[in-house]
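A structural walkthrough
One-letter residues, chain by chain:
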Amino acid sequence: MRKDERQKFILKEINLHNKVLCADLSLQLKVSDDTIRRDIIELAEIGKVVKVHGGAVGPSFVSPFSGQNEVYALESKKIIAEKALRLIKNNSTVLTEGGTTILELAKMIPKNMKATFFTISPQIAITLSEFDNIEVITIGGRLLKNANLHVGSGMINQLSEIKADLCLLGANAFSVVEGLTDLDWEVVQAKKALIRSAKKVAVVTISEKLNTIQTIKICDVNQVNYLITELDPNDPSLIRYQDTNLTLL
């Protein structure tokens, strides 16, 4: 495979899954780790990716406030955000992580809505601070810089004292077989804690991430109440999810 083809593949994987690991890409593309690292360095030098230990993440994932970063599938994420807003009722308590889809939702909160948001994302907290009727509580911990999320035992202990009405989670990968999966151990532990602290769980994801699987399991499909994509719930590509207990939006 030519270098331009490899790099195109790397960018697509980052757009879909936010983060990639050199070891995984090496296996997928059947090239050496050194070749992948050189590709990532080149992509980082032109601002297409952000190099992190063992791999790379997308610029919009690390710095979604930057107007210079193009958000992948932005229009689809706006559709998802509009659908997710239907689940948030006045005076409800909502848990969120971070990510570009949830950031779009945070921007769309109606000015007259009253709700309490607990979040492990500093960026989501700052965005929600613009709304007078929204109470914003950040769940602190060590900042995982390549995801801009608070992680660690302190954060998990704080979450154990909360029982929110709704938890909004982005997805790295989601499938009927394996449920919600990710490749970052600390992010997985954070998402597990968020799920335990909510009465209902909604996964918000573009449809391209469906039927994909990452290394570490977060939860089974039956632990998720809502699956929200940009597609119509009756779309044929969602037929496997229609046969589960999920409510599709």
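Residues numbered from 1 in each chain as written. Predicted model: local features only at pLDDT ≥ 70, side-chain atom pairs only at ≥ 80, totals over all residues. Heavy atoms only, no water.

As annotated in an unreviewed UniProt entry, the protein is DeoR/GlpR family DNA-binding transcription regulator from Niabella pedocola.

As a further point, take helix 9 (residues 185-196). Every α-helix winds through 3.6 residues per turn, so residues three or four apart in the chain are directed the same way. Here helix 9 contains twelve residues, and its C-alpha end-to-end distance of 17 Å stays within 8% of the 16 Å for a straight helix at 1.5 Å per residue. Residues Val187, Val188, Ala190, Lys191, Ala193, Leu194 and Ile195 constitute the buried set of helix 9. Capping of helix 9 at its N-terminal end is provided by Asp184; its side-chain oxygen lies 3.0 Å from the backbone amide nitrogen of Glu186. (Helix = DSSP H or I, 4+ residues; strand = E, 2+ residues; numbered from the N terminus. Expected span 1.5 Å × (residues − 1). Buried < 20%, exposed > 50% of the residue type's maximum accessible area, 1.4 Å probe, protein only. Polar contact = N/O pair within 3.5 Å; in protein donor to acceptor, adjacent residues only side chain to side chain.)

Spatially, the three strands line up as an open sheet ordered 1-3-2, and their pairing is antiparallel. In this open sheet, the two edge strands, each paired with only one partner strand, are strand 1 (19-21) and strand 2 (50-52). Between one strand and the next, the sheet's axes are offset by a mean angle of 25°, whatever the strand orientation. The pairing of strand 2 with strand 3 (residues 55-57) spans three bridges and is antiparallel. (Pairing = 2+ DSSP bridges. Axes fitted to C-alpha atoms, helices over the stretch in contact; angles between N-to-C directions.)

This part is about helix 3 (residues 33-45). Between the first and last C-alpha of helix 3 there are 18 Å, a value that for 13 residues agrees with the 18 Å anticipated at 1.5 Å per step. Among the residues of helix 3, Thr35, Ile36, Asp39, Ile40 and Leu43 are the ones counted as buried. Buried residues in helix 3, looked at end-on, bunch into an arc of 135°, giving them a common side. Tucked inside the fold, the buried residues of helix 3 contact helix 1 (3-17), helix 2 (22-29), strand 2 and strand 3. Phi turns positive, to about 80°, at Gly47, one or two residues after helix 3. (Arc of directions from axis to C-beta. Contact = heavy atoms within 4.5 Å.)

Time to look at the environment of Lys111. Topologically, Lys111 is positioned in the loop between helix 6 (100-108) and strand 5 (115-119). Each C-alpha atom, one on Lys111 and one on Val20, is 37 Å from the other, the two residues being 91 residues apart in sequence. Among residues more than four places away in sequence, those in contact with Lys111 are Glu130, Phe131 and Asn133.

This brings us to the pattern of salt bridges. For the structure shown, the criterion picks out 15 salt bridges. Taking the shortest distance from any N to any O, the salt bridge between Asp34 and Arg37 comes out at 2.7 Å. Taken together, the positions of Asp34 and Arg37, both in helix 3 and three residues apart, correspond to about one turn of that helix. One salt bridge connects Lys191 with Asp182, and the closest N-O pair in it is separated by 3.9 Å. Among the residues examined, Lys191 registers a relative accessible area of 5% and is labelled buried. (Salt bridge = Lys/Arg side-chain N within 4 Å of Asp/Glu carboxyl O.)

Formed by 38 residues in total, the largest nonpolar core has its most connected members in Leu95, Leu159, Phe174, Leu180, Leu227, Tyr241 and Leu246. Take this core: its biggest share by element is six residues, from helix 9. Excluding anything up to four places from it in sequence, Leu95 contacts Phe118, Leu159, Ala164, Leu166, Cys167, Leu168, Leu194, Ser197 and Ala198. (Core = buried A, V, L, I, M, F, W, Y, C linked by side-chain atoms within 4.5 Å.)

This part covers the sheet that holds strand 10 (residues 173-175). Hydrogen bonds along the backbone pair up the strands of a sheet, which may run parallel or antiparallel. Pairing is antiparallel across the open sheet formed by three strands, whose spatial order is 10-11-13. Both outer strands of the open sheet, strand 10 and strand 13 (216-219), are each paired with one neighbouring strand and no more. Sheet twist, expressed as the average angle between the axes of neighbouring strands with direction ignored, equals 35°. Seen against the sheet, helix 9 touches strand 11 (179-182) and strand 13 and runs at an angle of roughly 10° to strand 13.

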